[in-house]
Amino acid sequence: MGNILNEQIVNTKMLCKDVFKMTISSEYVASNAKPGQFVNIRCGGLDAMLRRPISICDVDKSQNTFDIVIQVKGRGTEKLCSMCQGKVDIMAPLGNSFMIDDKHENICVVGGGIGTFPLLYLLKCSQAANKTALLGFRNKESVVLEDKFRAAAGNVEIATDDGSYGKKAFVTELLEEKIKSQKPDIIYTCGPAIMMQKVSAIAEKNKIPCQVSMEQRMGCGIGACLVCACKTKNGNNWEFSHVCKDGPVFWSTEVCWD
Amino acid sequence: MSNKIDLSTNIAGVQFDNPVIMASGTYGFGKEYSEYVDLNQIGGISVKGLTLKERKGNKPPRIAETPAGILNSVGLQNPGVESFIREDLPFLKNYKTKIIANIAGNTIEEYCEMAEILGDSQVDAIEMNVSCPNVKAGCLAFGTTPKGIEEITSAVKKYCKQPLIVKLTPNVSDIRSIAIAAEGAGADCISLINTILGLAIDINKKKPILANNFGGLSGPAVKPIALRMVYEAAHAVKIPVIGMGGISSWEDAIEFMLAGASAIMVGTANFVNPIIPVEIVNGIEKYLESHGHTNLNEIIGKLELND
Ligand SMILES: Cc1cc2nc3c(=O)[nH]c(=O)nc-3n(C[C@H](O)[C@H](O)[C@H](O)COP(=O)(O)OP(=O)(O)OC[C@H]3O[C@@H](n4cnc5c(N)ncnc54)[C@H](O)[C@@H]3O)c2cc1C
Ligand SMILES: Cc1cc2nc3c(=O)[nH]c(=O)nc-3n(C[C@H](O)[C@H](O)[C@H](O)COP(=O)(O)O)c2cc1C
Ligand code: FES
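Residues numbered from 1 in each chain as written. Chains lettered and ligands numbered in written order. Predicted model: local features only at pLDDT ≥ 70, side-chain atom pairs only at ≥ 80, totals over all residues. Heavy atoms only, no water.

1. Some remarks on the overall build of chain A
Looking only at helices and strands, one finds six helices and 16 strands in chain A. Taking the principal axes of the C-alpha coordinates as reference, chain A spans close to 50 × 45 × 35 Å. Classification of the 258 residues of chain A by burial places 56% in the buried group. Within chain A, residue pairs in contact and separated by at least 24 positions form 61% of the contacts whose partners lie at least 6 positions apart. Entry remark: accessible area of chain A is about 11100 Å², with carbon and sulfur atoms responsible for 47%. Each charge sign in chain A was given a centre, from 31 positive and 28 negative side chains, and these centres are 2 Å apart. (Helix = DSSP H or I, 4+ residues; strand = E, 2+ residues; numbered from the N terminus. Buried < 20%, exposed > 50% of the residue type's maximum accessible area, 1.4 Å probe, protein only. Contact = heavy atoms within 4.5 Å. Areas by Shrake-Rupley, 256 points an atom, 1.4 Å probe, with all protein chains shown as cover. Lys, Arg positive; Asp, Glu negative; His and termini not counted. Charge placed at Lys NZ, Arg CZ, Asp CG, Glu CD.)

2. Some details on the sheet that holds strand E5 (residues 58-60) of chain A
Residue and element names in this part refer to chain A. Taken together, seven strands build an open sheet; the order of strands is E4-E3-E7-E1-E2-E6-E5 and the sheet is antiparallel. Of all strands in the sheet, those bounded by a partner on one side alone are strand E4 (52-55) and E5. If you compare each strand with its neighbour and ignore which way they point, the axes differ by 40° on average. Both strand E2 (residues 19-25) and strand E6 (residues 65-71) contribute to a ladder of seven bridges, which runs antiparallel. Opposite Met22, over in E6, you have Ile68 as the bridge partner. (Pairing = 2+ DSSP bridges. Axes fitted to C-alpha atoms, helices over the stretch in contact; angles between N-to-C directions.)

3. With respect to the interface of chain A and chain B
Listed by partner, the interface residues are 32 residues for chain A and 33 residues for chain B. For the pairing of chain A and chain B, the buried interface totals around 2800 Å² over both sides, and the portion due to carbon and sulfur atoms is 64%. Among the residues of chain A in contact with chain B, Met49, Arg217 and Phe240 of chain A are the three that bury the most area, contributing 22% of the side total. If you look at where chain A meets chain B, you find two salt bridges. Glu65 of chain B serves as the salt-bridge partner of Arg52 of chain A, at 2.5 Å between the closest nitrogen and oxygen. Linking chain A with chain B are 12 residue pairs in polar contact (both at pLDDT 80 or more), by the criterion used here. Broken down by secondary-structure element, the contributors of at least two residues to the side of chain A that touches chain B are strand E1 (3-16), strand E7 (87-94) and strand E15 (237-242) of chain A. With four residues, E15 of chain A is the largest single contributor of residues to the side of chain A that touches chain B. When grouped by side-chain class, the residues that make up the side of chain A that touches chain B number 18 nonpolar, seven polar and seven charged. (Buried area = accessible area lost by both parts, 1.4 Å probe. Salt bridge = Lys/Arg side-chain N within 4 Å of Asp/Glu carboxyl O. Polar contact = N/O pair within 3.5 Å; in protein donor to acceptor, adjacent residues only side chain to side chain. Nonpolar A, V, L, I, M, F, W, Y, C, P; charged D, E, K, R; others polar.)

4. Re the site of ligand 1
Taken together, 20 residues surround ligand 1, and among them Pro53, Gln71, Gly74, Thr77 and Glu215 of chain A come closest. The local environment of ligand 1 is shared, drawing residues from chains A and B. One nitrogen or oxygen atom from the main chain of Gly76 of chain A is found 2.7 Å from an oxygen atom belonging to ligand 1. Thr77 of chain A places a side-chain nitrogen or oxygen 2.3 Å from an oxygen atom of ligand 1. Contact with the protein chains hides 89% of the accessible area of ligand 1, taken as 830 Å² for the molecule alone. By residue class, the composition of the shell around ligand 1 is eight nonpolar, six polar and six charged. (Near = heavy atom within 4 Å.)

5. Quick notes on the pattern of salt bridges
Opposite charge on two side chains lets them pair, provided their charged atoms get close. With the rule as written, the count across this model stands at 25 salt bridges over all chains. In this structure, the salt-bridge partner of Lys96 of chain B is Asp17 of chain B, at a minimum N-O distance of 3.0 Å. On the criterion of sequence distance, the pair formed by Lys96 of chain B in the loop between helix H2 (81-92) and strand E7 (98-103) and Asp17 of chain B in the loop between strand E2 (14-16) and strand E3 (20-22) is long-range, its members being 79 residues apart. For the salt bridge of Arg228 of chain B with Glu232 of chain B, the shortest nitrogen-to-oxygen distance reads 3.1 Å. Highlighted residues: Arg228 of chain B and Glu232 of chain B, both in helix H7 (residues 223-234), separated by four residues, approximately one helical turn. Residue Glu232 of chain B is classed as buried on the basis of its relative accessible area of 16%. A network of salt bridges, in which partner residues are shared, links Lys21, Asp58, Asp67, Lys124 and Lys148 of chain A.

6. Things to note about empty space enclosed by the protein
All names here are of chain B. A complete count under the given rule lists three cavities of 30 Å³ or more for this structure. Roughly 510 Å³ of volume is contained in the largest cavity. Together, 38 residues line the largest cavity, and Ser24, Thr26, Asn72, Asn194 and Thr195 are the ones closest to its centre. Breaking the lining of the largest cavity down by element, the ones donating at least two residues are strand E6 (69-72), strand E14 (214-218), strand E16 (263-266) and helix H9 (269-272). (1 Å grid on protein atoms, 1.4 Å probe; cavity = no way out; pocket = protein on both sides within 12 Å on 5 of 7 lines; lining within 4 Å. Points joined across faces, edges and corners; volume = space filled by probe spheres on them.)

7. Some thoughts on the sheet that holds E7 of chain B
All names here are of chain B. The strand order E3-E4-E7-E8-E9-E10-E15-E16 describes a closed barrel built from eight strands, whose pairing is parallel. If you compare each strand with its neighbour and ignore which way they point, the axes differ by 25° on average. As paired elements, E3 and strand E4 (residues 44-46) share two bridges and run parallel to each other. In the strand pairing of E4, Met22 is matched with Ile45. Lying on the sheet, H7 is in contact with strand E10 (189-192) and strand E15 (241-244); it crosses E15 at an angle near 170°.

8. Overview of a nonpolar patch on the surface
Residue and element names in this part refer to chain B. Residues Leu197, Leu199, Ile201, Ile203 and Phe214 make up a contiguous nonpolar surface patch of about 520 Å² in total accessible area. Here Ile203 shows up in the loop between strand E12 (201-202) and strand E13 (207-208). The exposure class assigned to Ile203 is exposed, which follows from its relative accessible area of 69%. (Patch = residues over 30% accessible without salt bridge, like charges linked within 9 Å, V, L, I, M, F, W, Y side chains within 5 Å.)

9. Quick notes on the nonpolar core
Residues Phe84, Val166, Ile190, Ile264 and Ile284 of chain B are the most contacted members of the largest nonpolar core, which totals 127 residues. Per-element tally for this core: the top contributor is helix H10 (residues 276-290) of chain B, with seven residues. The contacts of Ile190 of chain B, once residues within four sequence positions are left out, are Ile165, Val166, Leu168, Ala179, Ala182, Ala233, Val237, Ile239, Pro240, Val241 and Ile242 of chain B. Judged by nonpolar contacts, the second largest core, of 28 residues, contains Val109, Ala128, Val156 and Val249 of chain A. (Core = buried A, V, L, I, M, F, W, Y, C linked by side-chain atoms within 4.5 Å.)

10. Remarks on the environment of Trp251 of chain A
Residue and element names in this part refer to chain A. As for its placement among the helices and strands, Trp251 is situated in strand E16 (residues 249-251). Overall, Trp251 belongs to the partly exposed group, its relative accessible area being 31%. In this view, Trp251 contacts Met99, Ile186, Pro209, Cys210 and Gln211; residues no more than four positions away in its chain are not counted.

11. A word on the pairing of strand E9 (residues 164-167) of chain B
All names here are of chain B. Of the two faces of E9, the one carrying Leu164 and Val166 and the one carrying Ile165 and Lys167 are both buried. Relative to E9, strand E8 (residues 125-129) runs parallel, the two being bridged by four bridges. By the bridge assignment, Met128 is partnered in E9 with Val166. Here three bridges tie E9 to E10, and the two strands are oriented parallel to one another. Considered in E10, the bridge of Lys167 is made with Ser191. As a crossover connection, the stretch from E9 through helix H6 (residues 175-184) into E10 is right-handed. (Right-handed = clockwise from strand over helix to strand, strands pointing away.)

So, in C-alpha cells, the structure goes:
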C-alpha cells in the first residue's frame, strides 16, 4: 500500500543535460518499494498542480534512501529538478511491480531513454545467474547510469540512435542479436511505446515471456479517476485497464498495441 | 475541539454528518481513497458516474493539465449500475458516509430504469448527471434547456425512492432558469457545477492533447465561475444547493456556503492532496468556532452583496 509522505531530499545531481538524479530519504519507501513501482510526486504551484509519476530507480536499504531519475519535459519536471534540498510530498510506493521468478537464470532488460531507470532496481533485486541490460539512448551525451547498470548486470550493451556511443542501432536490434546467442528466460522492457511494441513482438516470436512497463498521463495515481487508461485484452474482448493500479507493469500479451 | 459545533447538514431529508462530499468521477467507488482517508470522516461520496450498461470510456490521453486546472475526457467508464450495487456498494456501506449514486443515460428511459433499479438499493440519494460533456449521445443534451431539464426531471422523479439531486452544467447562458426548471419538475436538490467544456492543444503535434479533442475543465481555474453560478442558482430556488467547482481548501468551502450552498463537493483537489476532505471538515469547524457560530445554517447563504 502506498502512503502520503513528506520526505527529505538528500541531494539532487545533474547526470547530463536535463536529466537529474534525486536521492530521497524514506524508511517507508526503502523498506516497501518493489522494482517497477513509482512515486507520485507533488511539484507545487497552480501551473503544475497534479502530481507527476516517476519510477523508483534504485533503493539503498542500508541508508533508508531511494533514487529517482527525472528528465525535464515540462513545467512539473522542471520544478522538481530545481528542488535540491528541503522536503518533497510524495505518494509511494504505487503500482504493481515486475515479476521476479527465482527459476529464471537468464534475464534480459530492454530500456529506452527514461524507460531505462526502473530497470536498474529490477536488475539489483533479481538473483538470476545471467543478467543482460540492453539500453538505448539518443546520443553519447544522454547515456546515464552506465556504471550502475554495469554493477547490476553482467552484460550491458548500449545503442545510440546516432552511433556516437556504443552501437549505432535501435535497442531492439541488440535484442534480436542477443536472442540468437543466448535466449533469455524472460524479457522486461520500459521505454517509448513503439519500442516496447517491437520488443513484445520479438519476445512473442521467440516464445519468451515479456513484461512491459506502460506510461500514461495520470490524475490520481491510485485508481480512482480512471484517466490513465491502457487498452488490454479481456478474453476475446478488450477493456481499458489503468496504468497506475493495474500496472504500470503488464505482460506483453495482455496489451492491445493498436 | 469544542463539541458545541454542529457540522451536520440536511439535504432533502438525508442527514450528512458534515457538508463535505466527494464529487462524482474523482473518487471512484471510495475504495482507493479509503487507504488514505477514514471515509467515516467524510460527509458523503457521489460515486463514479453510472450508466445502465457497462461503458468502456474514451481513448487515452484522457487528461490534460491547464493553468490551475485539468481537462478530462474519461467518457463515463464504469461497470454499469447493477454491477455497482452488487460489487461496490457493500464496501461503501461499511462506513457511515452517505452514498450518492450518480447516473447518466442516453435516453430518458435509461435514466428512469436506473432510478428504479437503485430504488431497491441502499444508496442514500440519486444525483442525475444531465451535464457530462464527454459522451456523444444524450446526457448533456438534456441539461442545457429548461424544457429538457423539466422533461427528464419529472420523468425520473416518478421512479425515485431516494431524494433526486439534479446536477447542472455550467455550459448554459442562464443558470437561474435551468435551476428553476429543475425545482419546478420535482428535483429535491440541485448540484453544480459540472465541468466546463474546454480544449488543450499540443503545439508541436498541432493536435489536441486529449484523444477525444474536447474535455471538461475542473480545478481552481473554474472556481469564480462556479461560485457565481451557485450564488445565482441558490437565490433562484428554495431547494438545497450543493456547490462545487475548484474547491481546494476550507476557505473555498466557506465561500461556497456563504454563496448559498448547503453542502459542497470536492473533486480535482483530491488528486493533489488525498487528505484534503478531512482538512476541509476541520477548517470549517474552526471557522465556525472562531466566528462564534454553532451550526452551518448561520453561514449558508449569508453573503451580503455590496450596494
Ligand atoms: C509509471 C510512470 C513512470 C515514469 N517514470 C519516469 C521516470 O523515472 N523518469 C522520468 O523522467 N519520467 C518518468 N515518467 C514520465 C513523467 O511522468 C513525465 O515526463 C512527466 O509527468 C512530465 O511532466 P511535466 O510537467 O514535465 O510535463 P508537461 O508536459 O508540462 O506535463 C503536463 C501534464 O502531462 C503529463 N505528462 C506529460 N508527459 C507524460 C508522460 N510521458 N507520462 C505521463 N504523464 C505525462 C504530466 O504529468 C502533466 O500532468 C513516468 C511516467 C509514468 C506514467
Ligand atoms: C476525472 C473526472 C471525472 C469526472 N466524472 C464525472 C462523472 O462521472 N459524473 C459527474 O457528474 N461528474 C463528473 N466529474 C465532474 C466533477 O464531479 C465535478 O463536477 C467537477 O470536477 C468540478 O469540481 P472540481 O473542480 O472540484 O473538480 C468528473 C470530474 C473529473 C475531474
Ligand atoms: S491516475 Fe487516476 S486511475 Fe490512474
